[in-house]
Structure formats: structure tokens, C-alpha cells
Amino acid sequence: MSDKRIYLDDNASAPLRVSAREAAVAALGIGNPSSVHDEGRSARRIVNDAREAVAALAGVSASDVIFTSGATEANAMALDPALKVNGRTVTHLLVSAIEHPSVLCGGRFPADRLIVMDVGPDGLISPQTVEAAIADLPEGAVPLVSVMAANNETGVVQPVVEIGVIVREAGGAFHCDAVQAAGRLDLATLTADADMVSLSGHKMGAPTGVGALILRGDRVSFGRPLIGGGGQERNKRAGTENVSGIAGFGAAAKEASAVEGAWAEIWTLRDWIEERLRAISPDVRIIGAEVRRLPNTICVALDGVQSETAVIAFDLAGVAISAGSACSSGKVGPSHVLEAMGLEDGLKRAALRISLTRETTRAEAEAFVVAWEKICAPVGARQSAA
Ligand code: PMP
């Protein structure tokens, strides 16, 4: 293997785009967008341009975009028990069992008003499950439903279009964490029926520490901001804007808008890797392979492999991958996503996530397979001989 590192952890953080780096650097130290002088107005222009770009990506108006420090904050903002939908305050929060921890924790909702909805063994939350969960609520309840567009660990794409329609017909509010879908799938179509959408810059090739909550139209309104203070972001998120990060986010959003065909080669490469893994290790399980997934994600498990140990071995071999979600790195124990899918214990302990970047090459994919042959395949072979 060459000395060059191979980065296959796009779902943790995508490589920084050149345009995003340039825009972010150019905007460093430019001024305070709230200042009325020329420097302030320059900063304001940068923020507004980025707002237009993020709005175009999401298919919404610029005034619907609220910049935040990332998707964790956007999710915390969205899960507000004082949120009103068509003037009625939400009463219950319904989330799927495979949400990111920042949603699964329920935000500011008390535990007795948080309902966690099951997913199937394929990793999908069905629209019927959401329908039944809403029907089970007490008379007069107003649901806030939060379901992600695509899962960060398995890449499984959720039926959020159908779920959005169901929630709206029930008079509820629908929030969609679209962090992993943005820039990879057609975000505007996928979230057309979502009242709120969370985005994260660094998953799209922008710097870390910037994101957005999309608050579509005026069907829903916040009770009180998560962060109070100045009147920034139309009184919805106080604090001087992260102008540099926002500039990078805008540049990345412009490039990420062109999803059509952008991932076709990566998709082929991903399928090629999976084919090779199956040929080398016949007992291997590709999680979520039966349903629609993101074009870049492989969640693979081979009984007998210890995922944490394997990640270190891959790292030493120059390949960066992850054991489940990088958001919970440092935390040992099985992934809540695979747990919710009812995966057998041995496979849960063995799961690895390989997420190709938009720059992954055939040579890198081949090098990953070579590393797999050395690190994982022998363990699988021992296991099936036992
Ligand atoms: N939601 C999902 C689905 C994610 O994958 C992540 C990041 N791993 C987040 C939310 C949190 O995003 P951020 O890093 O911007 O806080």
C-alpha cells in the first residue's frame, strides 16, 4: 500500500471542498454582519449570499434558512415543546429509533412526552408505523414527528416524503434531519413536505461548526429561541454569525446542488466493493442491502470481527473507516441503530462503516479490499470453520 492515507469516512466528515476553503478563508475577520458600516455590510452580503445558496439546495426561500453551529444545534432547536403548528402548540414528540442521538434525546421535550417508533429489520421506518403512533396519541394531541432522511450508519434512505404527508394531514409538524442526504440525494424533493429540515456543513464539504435549520414558510413557529440574546437570524438564533463558516457552507451548498449523476461512479465503486467482500468472505452481511441506500455507504458485518479492533488495524494500514457512528466515537458498546434493527449480537459487535467520498478512486477501493483480506477475512474464515 502507498504512504498516502485512504479516507473512507465521508459520513463522519466529508473532505473540505476547495471552493469552501477559499470562501471561508476570504471571509475570516471581515466584520460583524450587524454593523451598519461598509465592513459590516460586506459581511452581511457574504451571509446573505450563502443563505441564498443553502435555500436553493433545499428548495426553500432564503428567509426560511436559520444558520446554526451545526445539525446538533438545529435538531435541538427543532425539538421545541413550545413549537406551534397552525397556532396549536405541539404536545408529543415522535422519533424513530434510529435517529442521531441529538434527536433521540428528545431535545427540550420531557421524557413522558417522547415516543420512540420502531424500525424494521431492514432499517426502515414504515409510514404505517408513524400513522399508527399518531393514532395512538390521546384525543386532541398535536404531534411533532422527527424522522431522518438517510441514516448515518447504514445509509438507509427513509420514506420521508410519505411520512411528511401523513404528519401534515394529521395536523402535526414534521422535522427531518437531512444531514446525510444533502448533497447526495435531491434534497428539495425529499424534504418538500417537511416543516423543518436540519443540515450540517461539514457533511457537504464545508468546514465543521456550521449548519442550518430550515423553517419552511409560516406553518410552524417557535415558542422561544434555544439561544436568546441579540436579534440575529430574525430573532430565532442569537449570536454574531460565524461568517467564515457560513461562507464555506454557502460555497459547498452551491456545488452540492448538482447531485444528478454526481455520485454515479461512486455508486458503481461501492457496489464493486460489496461484490468483492461477498466473494472473499461469503458469510459477510451488508446491512440494509435490501432497501434503498445512500450511494456511498457500506455498513458491513462479519461474525467474529471486533469492530473497534478492526478500525485500529485499518487505521494502521492507512485506511480511515469507522465502527458505527463517528458521533459516538469514544463510546464503546453496540450501535443503537443496529440494535433497533434487531441485528444478532455477533454482527452488532462486528459492524464497520465504510463511506466513500466524492473523490474516492478505484485504486483506493482496491486498497481497502486488500486491507479487508488481511484484517477481516481471516477472522471470518476461522469462524465458519469452527
Ligand atoms: N444528524 C446526523 C444524521 C448526523 O450524521 C450528524 C453528525 N454525525 C448530526 C446530526 C450532527 O451534526 P453536527 O456534526 O453538525 O452537529
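Residues numbered from 1 in each chain as written. Predicted model: local features only at pLDDT ≥ 70, side-chain atom pairs only at ≥ 80, totals over all residues. Heavy atoms only, no water.

Colleague: Hey, could you go over the side chain of Gln-180 for me, with residue numbers and the actual values?
Modeller: Mapped onto the elements of the fold, Gln-180 is located in the loop between β8 (173-177) and α7 (187-190). A polar atom in the side chain of Gln-180 sits 3.0 Å from the backbone oxygen of Asn-11. Residues contacting Gln-180, with those up to four places away along its chain left out, are Asn-11, Ala-150, Asn-151, Asn-152, Lys-203 and Leu-294. (Helix = DSSP H or I, 4+ residues; strand = E, 2+ residues; numbered from the N terminus. Polar contact = N/O pair within 3.5 Å; in protein donor to acceptor, adjacent residues only side chain to side chain. Contact = heavy atoms within 4.5 Å.)

Colleague: Kindly report on the packing of aromatic side chains, identifying the contributing residues and their values.
Modeller: Each aromatic ring pair is summarised here by two numbers: the centre-to-centre distance and the angle between the ring planes. By the definition in use, this model includes two aromatic pairs. With centroids separated by 6.0 Å and ring planes inclined at 70 degrees, the aromatic side chains of Phe-67 and Phe-249 adopt a geometry described as edge-to-face. Placement of the pair is Phe-67 in strand β2 (residues 65-68) and Phe-249 in helix α9 (residues 243-256), with a sequence separation of 182 residues. Taken individually, Phe-67 and Phe-249 each receive the classification buried, so the pair is uniform in this respect. A centroid spacing of 5.4 Å and a plane angle of 20 degrees characterise the contact between Phe-314 and Phe-368, whose relative ring orientation is stacked. Of the two residues, Phe-314 is situated in helix α11 (residues 307-316) and Phe-368 in helix α14 (residues 362-375); the sequence distance between them amounts to 54 residues. A relative accessible area of 0% means that Phe-368 is categorised as buried. Between the NZ or CZ atom of Arg-362 and the centre of the ring of Trp-272, over which it lies, the distance is 4.1 Å. (Phe/Tyr/Trp six-rings, centres within 6.5 Å; stacked < 30°, edge-to-face > 60°. Buried < 20%, exposed > 50% of the residue type's maximum accessible area, 1.4 Å probe, protein only. Lys NZ or Arg CZ within 6 Å of the ring centre and 35° of its normal.)

Colleague: How would you sum up helix α6 (residues 160-169)? Please name residues and give values.
Modeller: The set of residues buried in α6 consists of Val-160, Ile-163, Gly-164, Ile-166 and Val-167. Down the axis of α6, the buried side of the element spans an arc of 165 degrees, and every buried residue falls inside it. Gly-171 sits one or two positions beyond α6 and adopts a positive phi of about 80 degrees. (Arc of directions from axis to C-beta.)

Colleague: Break down the nonpolar core for me, citing the residues and quoting the values.
Modeller: The biggest cluster of nonpolar side chains holds 100 residues, and the ones touching the most others in it are Val-145, Phe-314, Leu-352, Phe-368 and Trp-372. Both of domain 1 (6-15 + 260-385) and domain 2 (18-256) provide at least three residues apiece to this core. In contact with Val-145, other than residues within four places in its own chain, are Leu-94, Met-117, Val-130, Ile-134, Ile-163, Val-167, Ala-173, Phe-174 and His-175. (Core = buried A, V, L, I, M, F, W, Y, C linked by side-chain atoms within 4.5 Å. Domains from an automatic or database assignment.)

Colleague: With reference to specific residues and values, describe the sheet that holds strand β12 (residues 285-286).
Modeller: Spatial ordering of the open sheet is given by β12-β13-β15, a layout of three strands whose pairing is antiparallel. In the strand order of this sheet, the two ends are held by β12 and β15 (352-355), each with one partner. Sheet analysis places β12 next to strand β13 (residues 297-301), joined by two bridges and oriented antiparallel. Bridging across to β13, Ile-286 finds its partner in Val-300. Its contacts with the sheet place helix α10 (residues 264-280) against β12 and β13, and it is angled at close to 15 degrees to β13. (Pairing = 2+ DSSP bridges. Axes fitted to C-alpha atoms, helices over the stretch in contact; angles between N-to-C directions.)

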